Amino acid sequence: MTSTTTAGPQRSRLGRLIRELWFQVVLAAVLGIAVGILAPGPGEDLKPLNDWFIALVKMIVVPVVFCVVTTGIASMDNLRKAGRIGVKAIGYFLVLSLASMLIGLVVANIFQPGSGLHVDPSSLNADDVPKTATEHATFTGFVSSLIPASLLGAITGDAILAALMVSIVFGVALNMAGEEGAPLSRGIKALSDVVFRIVGWVMRLAPLGTFGALATVVATYGAESLKQLGYLIILFTATCVIYVLVVLGAIMRACRLSLFGLIRFLKAELLVALSTCSSEAVLPQLVRKLEILGIGRPVVGIVIPSGFSFNLDGSAVYLTMASLFLAQAMGIDLSWQQQLIMVGVMMLTSKGTAGIAGGAFIVLASTVTAVGHIPLAALSLIVGIDRILNEGRVFINVLGNAVATIVIGKWENDFDTEQARKVLHSRTTTPPQAELDTTKVGADK
């Protein structure tokens with residue numbers, strides 16, 4: 001009789017665990033790594049699983065941005081609030097990006113990960129550098145990416161920045177239209193409910209994307225890349241961990257919230273981002289989770305889409321560390337003045353690369369070319385491990401933008417602190433009522 005009563009709760013707990021998305025992602029990651037090691041041939045063939053999942057997410061990202069931003073701005077009592085949120089967000093992004101780059105610079109100067117390699121520049125083959133890395137980010141290209149070919153084209157396309165700009169303009173116009181625009185506002189709110197339902201369906205496929213991504217990576221690169229450049233990987237990973245604990249931890253303490261509670265709350269999104277190496281893959285679900293956390297829709301709608309283009313702190317750490325690694329490996333001694341010029345160039349070229357495959361690598365190539373101290377062919381040294389380094393970049397990018405949204409939300413007094421503490425201290429994932437009631441989730445706080 002006793003065994004029957006104890007077996008029931010155990011099965012129930014196991015059943016609940018199996019239904020959790022984060023657990024399914026972890027299980028898929030373990031299976032993917034196992035397949036990549038034991039059967040590398042079939043492992044490489046599983047790449048389409050990740051490609052299909054990312055494609056499905058990209059399909060829904062722009063509709064999410066449009067619905068959240070438009071309804072958020074349209075419902076504002078004061079349009080100046082949108083401008084205030086934007087200015088505060090950009091200011092925060094610039095400060096954190098600069099701090100991140102300086103941290104990478106200091107770590108690379110102290111630990112010298114590239115020294116001792118003594119690479120002969122003539123032995124490098126520029127053909128090993130992907131062609132996308134030569135497509136340098138430029139200021140004119142960035143501005144051009146903001147302007148869509150047509151109003152509806154931005155909503156049906158896949159460019160986040162263009163969609164963000166059109167959504168802001170559309171939301172402002174709806175707000176100014178008043179009662180005449182009310183029916184259209186209600187229609188977009190109804191569309192938002194449908195879109196988030198689709199997001200839920202797409203995210204259930206995340207374990208398949210995780211399985212395909214890790215099986216392909218392990219099968220393609222194996223342990224060889226780790227052996228070659230293990231020190232850089234370990235140093236970068238350690239820097240990412242310290243950045244999360246010290247920098248983001250200090251910001252969360254200032255907000256009087258738990259960093260580990262936030263990580264636990266976003267564990268499914270962080271695991272998906274880590275395994276797929278795409279921060280864009282979790283943007284729709286991140287928007288939803290942050291609204292559940294108690295942050296107002298106008299803040300979430302403006303900060304998250306813009307943050308995924310302007311607040312890539314993980315990429316910022318990577319850029320300075322990778323640049324100095326290449327210089328040290330080639331035996332090039334960069335002065336502090338040259339290093340600071342390099343940081344200035346990166347601050348300009350690193351903005352607006354969200355959604356570009358290998359965006360940080362492209363920025364690195366742009367900087368190397370602009371500064372001119374390191375040959376472009378040197379990038380071939382880290383091509384093999386760039387996918388591995390991308391893990392730390394993406395984790396910090398996603399978590400850093402969640403923290404940024406909390407900061408701006410508190411700054412704007414559009415944040416329910418009690419709701420956030422209740423959610424972050426909960427041992428379960430998203431509350432059931434929040435999962436089902438998307439109308440309350442999207443309401444202004």
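If you're wondering where the values come from, they're calculated on a predicted model, not measured in any experiment.

About the criteria used
Residues numbered from 1 in each chain as written. Predicted model: local features only at pLDDT ≥ 70, side-chain atom pairs only at ≥ 80, totals over all residues. Heavy atoms only, no water. Helix = DSSP H or I, 4+ residues; strand = E, 2+ residues; numbered from the N terminus. Buried < 20%, exposed > 50% of the residue type's maximum accessible area, 1.4 Å probe, protein only. Areas by Shrake-Rupley, 256 points an atom, 1.4 Å probe, with all protein chains shown as cover. UniProt positions renumbered as here; feature names shortened; annotations may be inferred. Contact = heavy atoms within 4.5 Å. Salt bridge = Lys/Arg side-chain N within 4 Å of Asp/Glu carboxyl O.

Asker: Break down the overall build of the protein chain for me, citing the residues and quoting the values.
Answerer: A count of helices and strands for the protein chain gives 23 helices and 0 strands. Scored against the burial criterion, the 445 residues of the protein chain give a buried share of 51%. Per element, the accessible surface of the protein chain, about 19,800 Å² overall, is 66% carbon and sulfur.

Asker: So, the UniProt feature "transmembrane region" (unreviewed entry) in the protein chain: which residues are in play, and what are the values?
Answerer: The UniProt record annotates "transmembrane region" (unreviewed entry) at residues 21–40, 52–77, 89–111, 151–177, 198–223, 229–251 and 356–383. Secondary structure content for residues 21–40 is 95% helix and 0% strand, while the C-alpha to C-alpha distance between its ends is 26 Å. For the annotated span residues 89–111, helix accounts for 100% and strand for 0% of the residues, and the straight-line distance between the end C-alpha atoms is 33 Å.

Asker: I'd like a description of the side chain of Asp313, backed by residues and values.
Answerer: Position of Asp313 relative to the elements: it lies in helix H17 (residues 313–329). Owing to a relative accessible area of 1%, Asp313 belongs among the buried residues under this scheme. Here Asp313 is in contact with Leu96, Ser97, Ser100, Tyr243, Ile396 and Asn397, once residues within four sequence places are set aside.

Asker: Requested: an account of the environment of Ala206, with residues and values cited.
Answerer: As for its placement among the helices and strands, Ala206 is situated in helix H10 (residues 206–221). Along the sequence, Ala206 and Leu21 sit 185 residues apart, while their C-alpha atoms lie 8.0 Å from each other. Residues within four places of Ala206 in sequence aside, it is in contact with Leu21, Val25, Phe53 and Val272.

Asker: Describe in detail the pattern of salt bridges, supporting the description with residues and values.
Answerer: A side chain with one charge may pair with a side chain of the opposite charge, provided their charged atoms come close. Under the defined criterion, the tally for this structure stands at 7 salt bridges. Linking Lys88 and Glu412 is a salt bridge whose minimum nitrogen-to-oxygen distance equals 2.7 Å. Of the two residues, Lys88 sits in helix H5 (residues 80–111) while Glu412 sits in the loop between helix H20 (386–411) and helix H21 (417–425), which places them 324 residues apart along the sequence. Residue Lys88 is classed as buried on the basis of its relative accessible area of 16%. Among the residues examined, Glu412 registers a relative accessible area of 8% and is labelled buried.

Asker: Pulling in residues and values, what's your account of helix H14 (residues 267–276)?
Answerer: Burial within H14 is extensive, with 8 of its 10 residues counted as buried. When H14 is considered as a whole, its buried residues turn out to be Lys267, Ala268, Glu269, Leu270, Val272, Ala273, Ser275 and Thr276. Positive backbone phi, approximately 55°, marks Cys277, located one or two places after H14.

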